[in-house]
Amino acid sequence: MMDVKQLLREMGFRFNKQFGQNFLTDENLLNNICSDAEVDGGTVLEIGAGAGTLTRVLSKRADNVIAFEIDRNLEKVLNVTLADCNNVKVVMGDVMRYKMPELEALCGGNYRVVANIPYYLTSPLIMRFVEEASNVTSLTLTIQKEVAERLAAKPSTKDYGAITVAVNAVADVEITRVLPRDLFYPQPNVDSAVVRIDFKRDKFDILNAQLFRKTVKASFAMRRKTLVNNLAVGFGISKQQAEEILLACNLPVGCRGEELSVEQFVQLYNTIENLGLK
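The following paragraphs examine the structure supplied in this document.

Parameters at a glance
- Sequence order as written defines residue numbering, which begins from 1 separately in each chain.
- Given that the model is predicted, a residue must reach a pLDDT of at least 70 before its local features are reported, and side-chain atom pairs must reach 80 or more before they are shown or counted; all residues, however, enter totals for whole chains, interfaces and linings.
- To get the side-chain values, all heavy atoms of the structure are used, and hydrogens and water are removed first.
- Here a strand is any run of E in DSSP of at least two residues, a helix any run of H or I of at least four, and the numbering for each starts at the N terminus.
- We call a residue buried when its accessible area falls under 20% of the maximum for its residue type, exposed when it is over 50%, and partly exposed in between, using a 1.4 Å probe and counting protein chains only.
- Here, residues are in contact when the closest pair of their heavy atoms is within 4.5 Å.
- Accessible surface is estimated by sampling points in the Shrake-Rupley manner with a 1.4 Å probe; for residues, cover comes only from the protein chains shown.
- A pairing counts as a salt bridge when a side-chain nitrogen of Lys or Arg comes within 4 Å of a carboxyl oxygen of Asp or Glu.
- Note: two strands are recorded as paired if DSSP finds a minimum of 2 bridges between them.
- We call a crossover right-handed when, viewed with both strands directed away from the observer, the connection leading from the first strand over the helix to the second proceeds clockwise.
- Here an axis means a line fitted to C-alpha atoms, over the contact stretch when the element is a helix, while the angle between two N-to-C directions is reported on a 0 to 180 degree scale.
- Here, nonpolar core means buried Ala, Val, Leu, Ile, Met, Phe, Trp, Tyr and Cys residues that are tied together by side-chain atoms lying within 4.5 Å of each other.

1. Things to note about the overall build of the protein
And then number 1: Tallying secondary structure elements over the protein gives twelve helices and nine strands in all.
And then number 2: Taken along the three principal axes of its C-alpha coordinates, the protein extends 70 × 40 × 30 Å.
And then number 3: Evaluated residue by residue, the protein yields a buried proportion of 50% over its 278 residues.
And then number 4: Look at the contacts in the protein between residues 6 or more apart in sequence, and 68% of them connect residues 24 or more apart.
And then number 5: Put simply, the protein shows about 13300 Å² of open surface, and 45% of that area lies on carbon and sulfur atoms.

Here is the structure:
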């Protein structure tokens, strides 16, 4: 692989903190990330191409790569680093401004997402694919270690929260490797991790995804409050009604949202749906 750091210096590229730019340049590590994602043919959507280091490695393993990059100052860099990658389509623009049907049309069928994404984008981007995507099979993302631990957290731990439940209700989550901060250029202030999210849309029988999300959001709205209090506020019902819902789910009246497993949240949602609550 060419000396990307030298190329960036020669082209006078200046890192933009607004875009959270921290590049990975070690080819062995990039190959390991692609192996974590099990890229072997097919279409890959990359979000945040940066200097094109991961893009190049992906192009050797995938049939097609659609790579988004928001910083137009990197376009001339990508023209060099990806000059011989004929199966790569670079889209200069903000992926969050594209509607999901537009993104999936670009991919032309089933696809994987593999990306080293800016930390500020992590939660909204993941939830977009959780809530809106139809053809994505997996996300393999290099993200802040703290957020990766939140996604893979177990009930009754400090990291377990609404996003944990929302993602694990439709996917399996695994942290595949931890990346020390000194592997990035420039070096960020925190360590990172690679997390793989494999979608299984039929993992649970959730017919009303919007109501399920509302149930989860309400349950974690005030972490210091009991689930009874949170459900009463979230659904505009009495505490007695909320207690009856928990009893119907065989849950202790004094429990809190972070104590429930994903399976118990699905049961809670089903009970709320059967009662006709909205």
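2. Side note on the pattern of salt bridges
And then number 1: With the rule as written, the count across this model stands at 14 salt bridges.
And then number 2: Ionic pairing is found between E27 and K60, a salt bridge with its closest N-O pair at 3.5 Å. A residue pair is termed long-range when its members are at least 10 positions apart, and E27 in helix α2 (residues 27-36) and K60 in helix α3 (residues 53-61) qualify at 33 residues.
And then number 3: For K60, a relative accessible area of 57% gives the class exposed.
And then number 4: For D94, the salt bridge identified is with R97, shortest N-O distance 3.8 Å.
And then number 5: Three or more residues are tied together by salt bridges with common partners; here these are E38, R196 and D198.

3. Things to note about the pairing of strand β4 (residues 88-92)
And then number 1: Note that strand β3 (residues 64-69) and β4 share five bridges and pair parallel. By the bridge assignment, E69 is partnered in β4 with M92.
And then number 2: Each parallel crossover has a hand, and the one from β3 via helix α4 (residues 75-81) to β4 is right-handed.

4. Remarks on the sheet that holds strand β7 (residues 171-179)
And then number 1: Across the sheet, seven strands lie side by side as β4-β3-β2-β5-β6-β9-β7; this open sheet has mixed pairing. Only two strands of the sheet have a single partner each, and these edge strands are β4 and β7. Across the sheet, the mean angle from the axis of one strand to that of its neighbour is 15°, orientation sign disregarded.
And then number 2: Sheet topology places strand β2 (residues 43-47) next to β3; five bridges connect them, and they run parallel. Bridge pairing in β3 places L45 opposite I66.
And then number 3: Against the sheet, α2 engages β5 (111-116), β6 (136-144), β7 and β9 (192-199), with an angle of about 165° to β7.

5. Describing the nonpolar core
And then number 1: I47, F129 and I197 are the most contacted members of the largest nonpolar core, which totals 37 residues.
And then number 2: If we skip the residues at most four places from it in the chain, I197 touches I126, T137, S138, L139, L151, V167, A171, D172 and V173.
And then number 3: Within the second largest apolar cluster, 28 residues are counted, among which are Y160, I237, C249 and C255.

6. Some words on unusual backbone geometry
And then number 1: A cis geometry characterises the amide bond from Y185 onward to P186, with omega recorded as -5°.
And then number 2: Structurally, P186 is set in the loop between β8 (184-185) and β9.
And then number 3: One non-glycine residue with positive phi stands out, namely E38, at about 55°.
And then number 4: Along the chain, E38 falls in the loop between α2 and β2.

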